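Observations on chain architecture
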Amino acid sequence: MADRVTVIGWDGSPLTAAARSALSAATLVAGAAHHLALPEVPPGAERVRLGSLGLAARRIAAHRGTAVVLADGDPGFFGVVRTLRAPEHGLEVEVVPAVSSVAAAFARAGMPWDDARVVVAHARTLRRAVNVCRAHPKVAVLTSPGAGPAELALLLEGVHRTFVVCEELGTVREQVSVLTSDKAADHTWRDPNVVLVIGGPGGTGTSAAPWLMGGEPAGGTERGWAEPEEYGSEGRPGIGQDPTLRAVQLARLGPRTGDLVWDVGSADGTFAVEAARFGAAVIAVDADPAARARTEAAARRHGVLLQTVTGRAPHVLESLPEPDVVRVGAGGVPVVTACADRRPERITTHATTRDEAEAIGSALASGGYTVETRLLQTVGLDPADWSERERSVVFLLTGRRTTGAP
């Protein structure tokens, strides 16, 4: 086992005295090609090119001598330290940090980043990283080959953002480019790079200083969920817009950061806005242009980001990115069937009659979903005399994708 493992962060600036001292005593040095080419690396040391971190960690653990691992930026921030400290390797790790690539990128842009979200994009997480960029006004994306600025831009189609692309930070080939997201797909970008994705209220960093890293959750200053809203001239919700129904549907779907929620038949946007308050990306769909305007106004009022699409389901759904969870507010069996074909984890909807509920339940079951059906009744009371103000009776249906279903 290695006698000692020192992890040295490198940001392009000269190595510190502590880093040079550790390197001079190293009998094994691991890092990327540009790290292993540094003049401070002892000529007699065994050199390990970092590819698979797990394989490198096992090789370091088996080495008898003093090992040094070189990594870009702060190796404890989405870096190699987590892998090296895994219990199965049994390594004692000392860290000599440098400025992280995220901190350097925001410094190049002249922006604060205590209110930014930071995500890692690679083949398995690219879609979820894009959803965070949809939902939040300031995101730093640590990219990888095949999951870089061009891929982010392609998956953000229809959502306007500003990209600050920082290539090869800390090297003589460093370049910082500022462009709109629709232009990023037309470029070839050099690795490694960091992308700052900026857009929407709060993205410029001019708001009040946050107390929480990453900023408050969307709409985080509000307390409570599924609160009554102002509903048109009558001051009462329409069918399917009851606050209690909305609360149960949110509970069944469980939207979270990294998810994409479809709200099909968004009406006044109350469900879409509340899903966005959980940190999820939301696409609100409705055939009525007035519904789009109401939804966008509600999003501005509550300080959340979401995308609105005007069109008639199910046809308009064909061009939308893959959802994680779906709420169907209108459209019945054809829309539920079209949503099930896209294989989200969960789908929730409502019906006003037993026949409609049975038809929707059958459609979900045929689509490979386990179906939960409940009759949900709520009655609003006047606290002065306990008289009935309003009553809502609906069937609530939730489909959970069956394990192993295609």
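Please read these numbers as outputs of a predicted model, since none were measured by experiment. (Residues numbered from 1 in each chain as written. Predicted model: local features only at pLDDT ≥ 70, side-chain atom pairs only at ≥ 80, totals over all residues. Heavy atoms only, no water.)

Quick word on the overall build of the protein chain
Our working definition: For helices the rule is a DSSP run of H or I covering at least 4 residues; for strands it is a run of E covering at least 2, with both sets numbered from the N terminus onward. Pairs of residues are marked as contacts when any of their non-hydrogen atoms sit within 4.5 Å. Values of accessible area rely on a 1.4 Å probe in the Shrake-Rupley scheme; residue burial ignores everything except the protein chains shown. Charge assignment in this entry is limited to Lys and Arg as positive and Asp and Glu as negative, and neither His nor the chain termini are counted. Lysine's charge is taken at NZ, arginine's at CZ, aspartate's at CG and glutamate's at CD.
Across its full length, the protein chain holds 13 helices and 17 strands. By its C-alpha atoms, the protein chain is 85 × 45 × 45 Å across when sized along the principal axes. Counting contacts in the protein chain only where the partners sit at least 6 residues apart, residues at least 24 apart contribute 62% of the total. Split by element, the accessible area of the protein chain, about 19500 Å² in all, is 53% carbon and sulfur. Treating the 41 positive side-chain charges of the protein chain as one cloud and the 46 negative ones as another, the clouds have centres 4 Å apart.

Examining the sheet that holds strand S11 (residues 260–264)
Put simply, the rule reads: By definition, two strands form a pair when at least two bridges between them are found by DSSP. Each axis is a line fitted through C-alpha atoms, and for a helix only the stretch in contact is used; angles between axes span 0 to 180 degrees, taken between their N-to-C directions.
Pairing is mixed in the open sheet, where 7 strands are placed in the order S13-S12-S11-S14-S15-S17-S16. Pairing within the sheet leaves two strands with one partner each, and these edge strands are strand S13 (307–310) and strand S16 (369–382). Going from strand to strand, the sheet's axes swing by 20° on average, the running direction of each strand aside. In terms of strand pairing, strand S15 (residues 346–351) meets strand S17 (residues 387–401) through 6 bridges, oriented antiparallel. Note that in S17 the partner of His350 across the bridge is Leu396. The sheet contacts of helix H6 (residues 126–135) involve S11, strand S12 (281–286) and S13, and relative to S12 the element is tilted by about 70°. Set on the sheet, helix H9 (residues 243–253) makes contact with strand S14 (325–328), S15, S16 and S17; between it and S15 the angle comes to about 160°.

Details of the side chain of Thr308
The test is simple: When accessible area is computed with a 1.4 Å probe and restricted to protein chains, residues below 20% of their type maximum are described as buried, those above 50% as exposed, and intermediate ones as partly exposed. The term polar contact refers here to a pair of N or O atoms within 3.5 Å; inside protein, the definition further demands a hydrogen-donor-capable atom paired with an acceptor-capable atom, and it admits residues adjacent in sequence only when both atoms are side-chain atoms.
Residue placement: Thr308 occurs in strand S13. Under the relative-accessibility criterion, Thr308 is labelled buried at 9%. Within the structure, Thr308 has its side chain in polar contact with the side chain of Arg292 (distance 3.0 Å). Apart from residues lying up to four places away in sequence, Thr308 is in contact with Ala284, Arg292, Thr295 and Glu296.

Focus on the pairing of S17
Pairing analysis gives 14 bridges linking S16 to S17, with the strands arranged antiparallel. Paired with Asp382 across the two strands is Ser387, which belongs to S17.

Regarding the sheet that holds strand S6 (residues 117–120)
Pairing in this open sheet of 5 strands is mixed, and the strands run S6-S7-S10-S8-S9 from one edge to the other. In this open sheet, the two strands that pair with only one neighbour each are S6 and strand S9 (175–180). Taking each pair of neighbouring strands and ignoring which way they run, the sheet shows an average axis angle of 20°. Examined bridge by bridge, strand S8 (residues 162–167) and S9 share 6 bridges and lie antiparallel to one another. Considered in S9, the bridge of Thr162 is made with Thr180. Where H6 meets the sheet, its contacts fall on S6, strand S7 (138–142) and strand S10 (193–198), and the angle it forms with S6 comes to roughly 160°.

Some details on the packing of aromatic side chains
Just so we agree on the cut-off: Classification of ring pairs rests on two measures: the distance between centres of Phe, Tyr or Trp rings, Trp counted by its six-membered ring, which must be within 6.5 Å, and the angle between planes, read as stacked under 30 degrees, edge-to-face over 60 and tilted in between. By the criterion adopted, a ring carries a charge over it if an Arg CZ or a Lys NZ lies within 6 Å of its centre and within 35 degrees of its normal.
In this structure the tally under the stated criterion is 4 aromatic pairs. Relative to Phe78, the ring of Phe77 has its centre 5.1 Å away and its plane inclined at 85°; by these criteria the two rings are edge-to-face. We classify Phe77 as partly exposed; its relative accessible area is 28%. Note on Phe106 and Trp113: the rings are 6.2 Å apart at their centroids and 5° apart in plane angle, and the pair reads as stacked. Classification of Phe106 by relative accessible area gives buried; the value is 0%. Aromatic ring contacts, followed pair by pair, group Phe77, Phe78, Phe106 and Trp113 into a single cluster. It is Arg277 that lies over the ring of Trp225; its NZ or CZ is 4.1 Å from the centre.

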